[in-house]
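Now for the letters of each chain:
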Amino acid sequence: MKEKILSNLPQKLPQHLSLELTPECNYQCPYCYCLWHEFPELAERRLTTEEWIKVISYIAEQGVNDLLFTGGEALLFPGIRELITHARAIMPDGKLSLFTNGSLMTEEMFLFCKEKKVYLSTSLQGLQSYGAMTGTERTFQPLLELLAFGRQNKWKVSVSITVTQANRNEVCNIFAAAALSGAESIQLGAMMPEGRGRQHLELTLSRAEWELVKEEIREMKNCGVSYSFCDEMLCECRVQPEELLKRFQNPDSKPCPAGKTFGVIGPDGTFRKCLHYWDKK
């Protein structure tokens, strides 16, 4: 019989799992898609380090070999090193990744991740717009220093850029700054009206505006970095208001891999098929 902490997990799990270690974050990004901004009950209970270790052991037994540690801000979770160490010990050939906003990343932690072969990714959401995009008074320079440190230590960091009306006019400059500072790769995507973003529809792009952004990036001179676009502007796993469907639905969308090749385990240990949807029962 499963322990109580494992009772929310299915016996058959997708090969790739995102572990939302904590809902805590030192940023207040207005476009944040984390579901607890809509459903606070998802973050009422928080797993301890010991409980997360049991979860990781269980999912490794099910053959999962691709884990992403995230949040909230993953580096705010006090047992993050213990979880990484445990995961690497029982998944010696597995893919381990960590997503962080970068503000709490130290050189020591960075080198620890390199030692444990943990792939790193972060988000560079603005230059002049960085404060507005993160809801803080921070600046973008430490992120560029992090990318440069990764290049110097031969463990490059991947970068994501979320495009909104707040940073739309400097997207090309953001892209160039990330590329020239040493990003491993760059993924761009338009803000989705999910999570906290549900309350900030004024920041969303139209599909036509998003297509224009993509064209501008394609027309840039070669910056020596691979990049990709995420065309999902609306979660199709959940029932959406007609107004949002008209504005954001992709007529050329492909079947969503949610629950098949990808899944999420939230801060309370609950399994979800999708980052943007909770099948509340």
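Below is a short write-up of the structure. (Residues numbered from 1 in each chain as written. Predicted model: local features only at pLDDT ≥ 70, side-chain atom pairs only at ≥ 80, totals over all residues. Heavy atoms only, no water.)

1. Considering the overall build of the protein chain
Reasoning step 1: Across its full length, the protein chain carries eight helices and nine strands.
Reasoning step 2: Relative to the 2.2 N^0.38 estimate, which gives 19 Å for 281 residues, the radius of gyration of the protein chain is 19 Å and therefore close to what a compact globule would have.
Reasoning step 3: Oriented by its inertia axes, the alpha-carbon framework of the protein chain measures out at about 55 × 50 × 35 Å.
Reasoning step 4: For the protein chain, the residues scored as buried account for 54% of the 281 residues in total.
Reasoning step 5: In the protein chain, of all internal contacts separated by at least 6 residues, the share reaching a separation of at least 24 is 77%.
Reasoning step 6: For the protein chain, the computed accessible surface area is about 13800 Å², with 51% contributed by carbon and sulfur atoms.
Reasoning step 7: Within the protein chain, the 35 negative side-chain charges are centred at a point lying 4 Å from the centre of the 32 positive side-chain charges. (Helix = DSSP H or I, 4+ residues; strand = E, 2+ residues; numbered from the N terminus. Rg over C-alpha atoms; globule rule 2.2 N^0.38 Å. Buried < 20%, exposed > 50% of the residue type's maximum accessible area, 1.4 Å probe, protein only. Contact = heavy atoms within 4.5 Å. Areas by Shrake-Rupley, 256 points an atom, 1.4 Å probe, with all protein chains shown as cover. Lys, Arg positive; Asp, Glu negative; His and termini not counted. Charge placed at Lys NZ, Arg CZ, Asp CG, Glu CD.)

2. Concerning the sheet that holds strand 6 (residues 185-190)
Reasoning step 1: Read from one edge of the open sheet, nine strands run 7-6-5-4-3-2-1-8-9, paired in mixed fashion. Edge positions in the sheet fall to strand 7 (226-230) and strand 9 (271-272), since each of these pairs with one other strand and no more.
Reasoning step 2: With five bridges connecting them, strand 1 (residues 16-20) and strand 2 (residues 66-70) associate as parallel partners. Bridging from a neighbouring strand, Glu-20 pairs with Thr-70 of strand 2.
Reasoning step 3: Lying over the sheet, helix 7 (residues 207-218) contacts strand 5 (158-163), strand 6 and strand 7, oriented at roughly 170 degrees with respect to strand 7. (Pairing = 2+ DSSP bridges. Axes fitted to C-alpha atoms, helices over the stretch in contact; angles between N-to-C directions.)

3. Considering the packing of aromatic side chains
Reasoning step 1: Within the structure shown, the criterion is met by six aromatic pairs.
Reasoning step 2: With centroids separated by 5.1 Å and ring planes inclined at 85 degrees, the aromatic side chains of Phe-110 and Phe-149 adopt a geometry described as edge-to-face. With Phe-110 in helix 3 (residues 107-115) and Phe-149 in helix 5 (residues 141-152), this pair connects stretches of sequence that are 39 residues apart.
Reasoning step 3: One aromatic cluster is present, built from ring pairs that chain together Phe-175, Trp-210, Tyr-227 and Phe-229. (Phe/Tyr/Trp six-rings, centres within 6.5 Å; stacked < 30°, edge-to-face > 60°.)

4. A word on the packing of helix 2 (residues 80-90) against helix 3
Reasoning step 1: The N-to-C vectors of helix 2 and helix 3 enclose an angle of 15 degrees; their axes lie 11 Å apart at closest approach. Here helix 2 is positioned roughly parallel relative to helix 3, judged by the angle of their axes. Every pair of crossing elements has a handedness; the one defined by helix 2 and helix 3 is left-handed. Residue-level contacts link Ile-80, Arg-81, Ile-84 and Thr-85 of helix 2 to Glu-108, Met-109, Phe-112 and Cys-113 of helix 3.
Reasoning step 2: In the contact of helix 2 with helix 3, the residues fall into five nonpolar, one polar and two charged. (Parallel < 35°, antiparallel > 145°, perpendicular 65-115°, else oblique. Left-handed = near helix turned anticlockwise from the far one by under 90°. Nonpolar A, V, L, I, M, F, W, Y, C, P; charged D, E, K, R; others polar.)

5. Section: the environment of Glu-41
Reasoning step 1: One can find Glu-41 in the loop between strand 1 and helix 1 (49-61).
Reasoning step 2: Residue Glu-41 is classed as partly exposed on the basis of its relative accessible area of 27%.
Reasoning step 3: Along the backbone, Glu-41 and Asp-268 are 227 residues apart, and their C-alpha atoms lie at a distance of 9.2 Å.

6. Re unusual backbone geometry
Excluding glycine, most residues fall at negative phi; most peptide bonds, likewise, are trans.
Reasoning step 1: Here the bond from Gly-71 into Gly-72 is cis, since omega is 20 degrees, no more than 30 degrees from zero.
Reasoning step 2: Along the chain, Gly-72 turns up in the loop between strand 2 and helix 2.
Reasoning step 3: Even without a glycine there, the phi angle at Lys-117 is positive, about 55 degrees.
Reasoning step 4: Here Lys-117 is to be found in the loop between helix 3 and strand 4 (118-123).
Reasoning step 5: Judged by relative accessible area, which is 55%, Lys-117 ranks as exposed.

7. Quick look at the environment of Met-105
Reasoning step 1: With respect to the helices, strands and loops of the structure, Met-105 is situated in the loop between strand 3 (95-99) and helix 3.
Reasoning step 2: When the C-alpha atoms of Met-105 and Leu-146 are compared, they prove to be 8.1 Å apart, with 41 residues separating the residues in sequence.
Reasoning step 3: If we skip the residues at most four places from it in the chain, Met-105 touches Leu-75, Leu-98, Thr-100, Phe-110, Leu-120 and Leu-146.

8. Description of helix 2
Reasoning step 1: Taken as a whole, helix 2 has its buried residues at Ile-80, Leu-83, Ile-84, His-86, Ala-87 and Arg-88.
Reasoning step 2: In the core, the buried residues of helix 2 are packed alongside helix 1, strand 2, strand 3, helix 3 and strand 4.

9. Regarding the packing of helix 1 against helix 2
Reasoning step 1: With their axes 10 Å apart at the nearest point, helix 1 and helix 2 run at an angle of 20 degrees to one another. In terms of axis orientation, helix 1 runs roughly parallel to helix 2. Viewed along their axes, helix 1 and helix 2 form a crossing whose handedness is right-handed. Contacts between helix 1 and helix 2 involve Thr-49, Trp-52, Ile-53, Ile-56, Ser-57 and Ala-60 from the former and Glu-82, Leu-83, His-86, Ala-87 and Ile-90 from the latter.
Reasoning step 2: A class-by-class count of the residues in the contact of helix 1 with helix 2 yields seven nonpolar, three polar and one charged.

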